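# Structural overview
Here is what each chain is made of, one letter per residue.
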Amino acid sequence: MFNIKNLTNNKDKKRLFSNFFSLSFLQVASYIFPLITLPYLVRVLGPSKYGLVAFAQAFAGYFQIITNYGFIFSATREVSINRDNKDKISEIFSSVIAIQLFLAALSFIIMLAVVFIFKKFSKDWLLYFFSFGLVIGNVLFPVWFFQGIERMRYITILNLISKFIFTAAIFIFIRIQADYLYVPLISAIGVILSGIFGFWIIFKSIKVKFILPKFVHIKYQLKEGWRIFTANLSGNLYGQGTIFILGIFSTNKIVGYYSIAEKIIKALSGLSQPIAQSIYPFISRKTKVELYFILKRWTKYAIVLTFLFSILTFIFLKFIYLYLIKSHNIQPKITIEILSAVMLFTILNVIKQPFIYALKMDRLNNFMYIFVGITFVPICLLLSYFFSMIGTSISLFYVEFMIFFIGAFIIKKGVRTNNGEVAN
C-alpha cells in the first residue's frame, strides 16, 4: 500500500520548504516594490505616458518569451536530474546560454525592423530600445539554472538587488513627465546588474564552467524545450497581447487605465508563483503514483484558499484601484471587477502547471496553449475594438477559464487510477 508519508524524506522536505519560503519572500518583494512606485509613476507620468511605457514593455515581453524558449521548465528539469554531475550541468548551462544569446541577437534584428518600418513605433524608437534592455537582462539572469539546483536563495537575493535599484532610481531620476523614457532603462539596468552577479555566483561559487557547446547538445536542448516554447509562445499571445492589442485600438490613456488594473491583478496572482517554482524540481523526480497522491492531497486546499483570497480581493481591490486612477469612468470599474474574477483561475492555473510538466504531458499542454492562444487573438481583437478595455478584460477571462478546465482534463488523463494504482 502506498503511503503519502513516504513521498519525501526529511532532506527533501527541508529543501522544499526552504525554496518555498525563499521564493515567497521574493515574489512578495517583486510585486511590492513595483506597487510602491506605481502611484508615483501614475502621478508623475500621467495615464497616457504610463500607458505608452506599458505598451513598449509588452512589446519587449514577446522577445523575452523568445529568449526564454522553453528553458524555464525543460532546462530546469535537465539541471535538476543531473545536479550532482558538474560536467553535465556545465554542458547544459553552456548550451542553453549559447541558444539564448543567439535568440537575443535575432530578436534585436526583428525589433529594429518593426520599430523603423511602422510609424507607431518609430516616433518613440528610443523607448523601445531602452525596453529591449529587459530582454538582455533576462538572458543574463538564468533563473532556470538556480531552480534546477534548488538554490532559490540566490534568485531571491539577486532579484531583491534588482528591485531595490529600480525602486530607488525611479524616485531619484523620474521627476517630470518627459522622464518616461528612462523607466524601462532603469528597470533594465537593475536586471542586467543582477544577471552579472548571477553569472559570477555560477562560475565562482558553484564552479560551473562555460564550454563551447557542441551542435548535438544545442539540438538536444532545442528539441527538449520546443513543446514548452510553443506552448509559452501561444499562451503569451494573451499574456502580453492584452495590452498590445488594446494599444492598437485605444488611446494611451485607456491603455494606462487597463495596464494599471492588470498590473495590480498580476501582482496578487503572482503570489502563487513561489508554490509552482519551488515544487517543480521536487515533483519532477516523482513517479505517477506519487504525483497522484500529492495532487489528491493538495488540490482541495488550493481551491478553497484561492477562492477565499479572490473573494477578499474582489471586495477591496476596486476601491484601491479607483482611488489610484482618480477616474469616474464606468469602464475602469467594470474592468477591475472582471479581472478580479480572472485572478481566481489564474492562481489555480499557475499551481497546476508544474504537475502537467512533471507528468510529461507536454504534447497535450502544447495543444491547449496553441488552441487558447490562437482563439484568443480574434476574440480580443473584436472585443477590444467594440468594447475597449472592458472587452480586453473579458477576453482574458475567456483564456484563464479555458486553460483551467482543459488543464484539469490533461492532469486527469496523465494520472489515471484504478484502486489506488496508476494505470499504464
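Above this text you will find the structure in question.
Worth saying up front: this structure is predicted, and the values here are computed from it rather than measured.

Definitions and limits used
Residues numbered from 1 in each chain as written. Predicted model: local features only at pLDDT ≥ 70, side-chain atom pairs only at ≥ 80, totals over all residues. Heavy atoms only, no water. Core = buried A, V, L, I, M, F, W, Y, C linked by side-chain atoms within 4.5 Å. Buried < 20%, exposed > 50% of the residue type's maximum accessible area, 1.4 Å probe, protein only. Helix = DSSP H or I, 4+ residues; strand = E, 2+ residues; numbered from the N terminus. Contact = heavy atoms within 4.5 Å. Expected span 1.5 Å × (residues − 1). Bend = angle between axes of the 7 residues up to and from the residue. Salt bridge = Lys/Arg side-chain N within 4 Å of Asp/Glu carboxyl O.

The subject of this paragraph is the nonpolar core. Phe59, Ile174, Ile260 and Tyr321 are the most contacted members of the largest nonpolar core, which totals 91 residues. For this core, the leading source of residues is helix 1 (residues 10-68), giving 18 residues. Ignoring any residue separated from it by four or fewer positions in sequence, one finds isoleucine 260 in contact with Leu38, Val42, Tyr50, Tyr321, Leu324 and Ile325. Counting residues in hydrophobic clusters, the runner-up holds 27 residues, among them Trp144, Leu158, Phe199 and Ile201.

As a further point, take helix 15 (residues 362-414). Over its 53 residues, helix 15 extends only 10 Å from the first C-alpha to the last, a length that falls short of the 78 Å expected when each residue adds 1.5 Å. Taking the largest bend as the criterion, helix 15 deviates by roughly 150°, centred on phenylalanine 387.

By the definition in use, this model includes three salt bridges. Linking arginine 77 and glutamate 224 is a salt bridge whose minimum nitrogen-to-oxygen distance equals 3.8 Å. With arginine 77 in helix 2 (residues 74-81) and glutamate 224 in helix 9 (residues 215-239), the pair connects residues that are 147 residues apart, well separated along the chain. Residue class for arginine 77 comes out buried when judged on its relative accessible area of 8%. Note that glutamate 91 is salt-bridged to lysine 88, the shortest N-O span being 3.0 Å. In this pair, glutamate 91 and lysine 88 are both assigned in helix 3 (residues 86-117), three residues apart and thus about one turn of the helix distant. Exposure remark for lysine 88: the relative accessible area of 27% places this residue in the partly exposed category.

These values are about where atoms sit, not about what they do.
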